[in-house]
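Residues per chain are reported as follows:
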Amino acid sequence: MTATDHAIALTRTAAKAASDKLGGDLVAFDVSEALAITDVFLIVSASNERQVGAIVDAVEEALLAQRVKPARREGHGENRWVLLDFIDIVVHVMHTEERTLYALERLWRDCPRIELELGEAASGEAVETPSTAS
């Protein structure tokens, strides 16, 4: 089994919202084979607690616009690692220190990555634009 088209679309919407709030190092894993509880994990980094909160709010607003509400929200008090559970996808918004410490990518590295189609350097890859092309 692989992640559903619906879950992938929600993931890309959440990733775009996170990227718009300057979330960094975005990565999504199709965890549907490994877990029965969700299809996708989206992991996003933020440099401070305020940015974590802004990203969380933006992701919730973007998915609410598609009539998708989080079933569970954990860690919002300290804004160091906030987990948003939308059933089909789980979004982890992590302070860079927590992300380094817990290394979720290492845990899920055997799962297929999902292309986020951001078209920006948000996923850590440089993108050449017409204005910078030689």
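Here, the structure is the one placed above.
Rules of the game
- Residues numbered from 1 in each chain as written.
- Predicted model: local features only at pLDDT ≥ 70, side-chain atom pairs only at ≥ 80, totals over all residues.
- Heavy atoms only, no water.
- Buried < 20%, exposed > 50% of the residue type's maximum accessible area, 1.4 Å probe, protein only.
- Helix = DSSP H or I, 4+ residues; strand = E, 2+ residues; numbered from the N terminus.
- Pairing = 2+ DSSP bridges.
- Axes fitted to C-alpha atoms, helices over the stretch in contact; angles between N-to-C directions.
- Contact = heavy atoms within 4.5 Å.

Asks: Honestly, the pairing of strand S1 (residues 24-30) in this entry has me stumped. Any pointers?
Replies: The side chains of a regular strand alternate, residue by residue, between the two faces of the sheet. For S1, the buried fraction is high: five of the seven residues fall into the buried class. Of the pairings in the sheet, the one linking S1 to strand S2 (residues 40-46) comprises five bridges and is antiparallel in character. Across the sheet, residue Ala28 finds its bridge partner in S2, namely Leu42.

Asks: Would you explain the sheet that holds strand S5 (residues 89-95) in this entry?
Replies: The pairing of strands in a sheet comes from backbone hydrogen bonds and takes either a parallel or an antiparallel form. On the basis of which strands lie adjacent, the open sheet formed by five strands has the order S1-S2-S5-S4-S3 and mixed pairing. Two strands bound the open sheet, and with one partner strand each, they are S1 and strand S3 (72-74). This sheet shows a mean twist of 10° between the axes of neighbouring strands, independent of strand direction. Examined bridge by bridge, strand S4 (residues 81-85) and S5 share five bridges and lie antiparallel to one another. Within S5, the residue paired with Val82 across the bridge is Val93. In this fold helix H1 (residues 5-20) packs onto S1, S2 and S5, with an angle of close to 5° to the strand it touches most, S2. Packed onto the sheet, helix H2 (residues 49-64) meets S2, S3, S4 and S5 and runs at close to 160° relative to S5.

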